[in-house]
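Coordinates in review
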Amino acid sequence: MVDMSVKIGSVTLQNPIMPASGCFSTDLAQVIDLNRLGALVAKTVSREFRAGNPPPRVSEVEGGMINSIGLPTKGIEYFLSHQVPDYKRFSPPLVGSISATTIEDFEAMARDVSTSAIDVLEVNISCPTRDPKGGNFALHEEHTFNVMRRIRQTTDKPIWCKLSPNAGDVVAIAKSAELAGADALVVSNTILGLKIDINTFRPAIGNKFGGLSGPGIKPIIVRMVYQCAKAVKIPIIGCGGIVKLEDVIEYMLAGASAVMIGYLIFRNPSGIIAIIDGLQEWCAKRGFARVADLTGAMIDEAPRETYAAAAAPIG
Amino acid sequence: MAHRPFASAPYVVGKGAPALAPTHIPAEESLCPVVSHDWINSEYKHLVVDASPKALAVKPGQFFNLLCPSPDAAELWLRRPQSVYRIDRENRRIEFLYKCVGRGTFGLATLEPGDELNMVGPLGVGFAIDRRWKHIVVLGRGVGLATLAPISQLAGECGIGVTAILSARSAEFVMADDLFGKVGDVIAVLDSDATSAVEHVEAILKRLIAQRQADAFYTCGSNRLLQLMKRLGKAHGIPGQVAMEQVMACGLGPCYVCVRTFEVDGKKELRRVCIDGPVFDLQEAVGW
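Only a predicted model underlies this, so the values are computations on that prediction, with no experimental measurement involved.

**A few points about the overall build of chain B**
Assigned secondary structure in chain B consists of 6 helices and 16 strands. Relative to the 2.2 N^0.38 estimate, which gives 19 Å for 288 residues, the radius of gyration of chain B is 19 Å and therefore close to what a compact globule would have. Taken across its 288 residues, chain B has 51% of its residues classed as buried. Sequence separation of 24 or more characterises 63% of the internal contacts of chain B that already satisfy a separation of 6 or more.

Below is the structure:
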């Protein structure tokens, strides 16, 4: 029997498979059993009501999709009074996600949300579509440190910091978040992109820029997970383009302790459950007693000498 | 483990029972064999699939989110929502009638009998009908006709009469004729002979109201016709429903992609077509 549980700091998950924030709600109970998931991850909430960005909010691109939803939310009061109790009908730990435009509001949000039954606080400092120009805290070391520090001083809940792949030096941002006291890193949010409709000559989505997600971005994010895992001691949650079992294993080998799945929920909603079952079978077949043993297990040797490698037998 | 208590893979129609899918989960991803797939005219195809038990519980106005094959060398990365055209519970089949307009529907059009179609559903809120009504009016245009068609099934089951006003560019595109004709009157209004003009349709609706044959309004497929029905519905106190469309991603609720504007007591709000609809109150819809 494979031990499928993983520890993210003080939090134990029954398995390493979680939905990604923004791609999940209890509405998914229409098609899957939510109690099978490693954790439930709520959509990001802000203090006040936000209508979100103008439609169209999504467009297909090769390798996935580009979206600009704009963090619509009914606000923190509704989240605490209605959504948290709704999530708590299910057994996996609840990860609440917050966003704000100032450090002061982030701090206040963290304080207020921490009074609820959430088990983990995800700090979304990296949404690329909230600001029309794609700016956010996670693009800067100093901003990341300052906001995470204030939140660390505000709450005893475990805090996960969601990073941005749009930062110039993601590793430096990861170190800032760790130094500030983050319990784990989510690597990462979507990649800022632009798609133009060649019939209308206009941007394909209503907010012009959007976040790219789906299997097309996976190698980029796997690389970032690997780099961050080498640089920090806190656990890393891989997030980007997972559509099959093999992708989860790859993320874990790169250094992720757990993963989050977004796009696949849109394409094959039953796939997230199939991946949990498949991961257990794969571990059993390969002789891994604990799925956690996959984390960081990539064989990491220096590249071979070119002529020797090119002369080596293939396969 | 003797069995898996939860469905973890698509239900494959024709390949036995699913792995004890819990009954409290109303929808599912299923692989449905194509029974037939024919062109109805130069733009529309009629698709019939064998459906799973959960899929067969679909109600008129609900939809499925379809994973369409690619029409070209690239891939399709998002599903396409498609309302049901007809529910054939006797033969355990579901039918779609769709217009080929983009990569999704052109991809869907490549399916041949025997191929499998991956469907997620049934999803959303369907049409409501009040059994006390005697006669209802259905007004649709273009692709909206297919969405409205199952109302005739529902009305027929409830013993309610239907007048269907079907608006199209030309006679070739009035397709739901057979289906509506079984339970009521069909009035085709066309661009080709100018009968589809709003004033003409308004005169027909007013006549039906005067004849007490308009206990409720249903519409889909045209903003002009939505506004017309809204205006007459309000003036005469006739309840109504509208089926909406919007670009969609998950089809299940969480992603908030498919929002449309609604208005209640002068206050505008966004609602999701996939889970708050696709059928909404006629008076609350702002634009189709």
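There is more to say after this.
**Some remarks on the overall build of chain A**
In terms of helices and strands, chain A carries 9 helices and 16 strands. Computed over the C-alpha atoms, the radius of gyration of chain A is 19 Å, within 12% of the 20 Å expected from 2.2 N^0.38 for a compact globule of 315 residues. Taken along its principal axes, the extent of the C-alpha atoms in chain A is 60 × 50 × 40 Å. Looking at chain A residue by residue over its 315 residues, the buried ones come to 55%.

**Thoughts on the interface of chain B and chain A**
Of the residues lining the interface, 32 residues belong to chain B; the matching set on chain A comes to 35 residues. Of the residues belonging to the side of chain B that touches chain A, the class tally is 24 nonpolar, 3 polar and 5 charged.

**Some details on the sheet that holds strand S5 (residues 58-61) of chain A**
Residue and element names in this part refer to chain A. On the basis of which strands lie adjacent, the open sheet formed by 4 strands has the order S5-S6-S14-S11 and antiparallel pairing. The open sheet has two edge strands, S5 and strand S11 (191-194), and neither has a second partner. Strand-to-strand twist across the sheet, computed as the mean angle between neighbouring axes with direction ignored, equals 40°. Relative to strand S14 (residues 209-213), S11 runs antiparallel, the two sharing 4 bridges.

**Some thoughts on helix H3 (residues 141-154) of chain A**
All names here are of chain A. Along its 14 residues, H3 runs 20 Å from first to last C-alpha, staying within 8% of the 20 Å computed at 1.5 Å per residue. Three or more residues of H3 are buried, namely Thr-144, Phe-145, Val-147, Met-148 and Ile-151. Considering only its buried residues, H3 is in contact with helix H2 (103-114), strand S8 (120-124), strand S9 (159-162) and helix H4 (170-180).

About the cut-offs
Residues numbered from 1 in each chain as written. Chains lettered and ligands numbered in written order. Predicted model: local features only at pLDDT ≥ 70, side-chain atom pairs only at ≥ 80, totals over all residues. Helix = DSSP H or I, 4+ residues; strand = E, 2+ residues; numbered from the N terminus. Rg over C-alpha atoms; globule rule 2.2 N^0.38 Å. Buried ≥ 20, exposed ≤ 12 C-beta atoms within 10 Å, placed from the backbone. Contact = placed C-beta atoms within 7 Å. Nonpolar A, V, L, I, M, F, W, Y, C, P; charged D, E, K, R; others polar. Pairing = 2+ DSSP bridges. Axes fitted to C-alpha atoms, helices over the stretch in contact; angles between N-to-C directions. Expected span 1.5 Å × (residues − 1).

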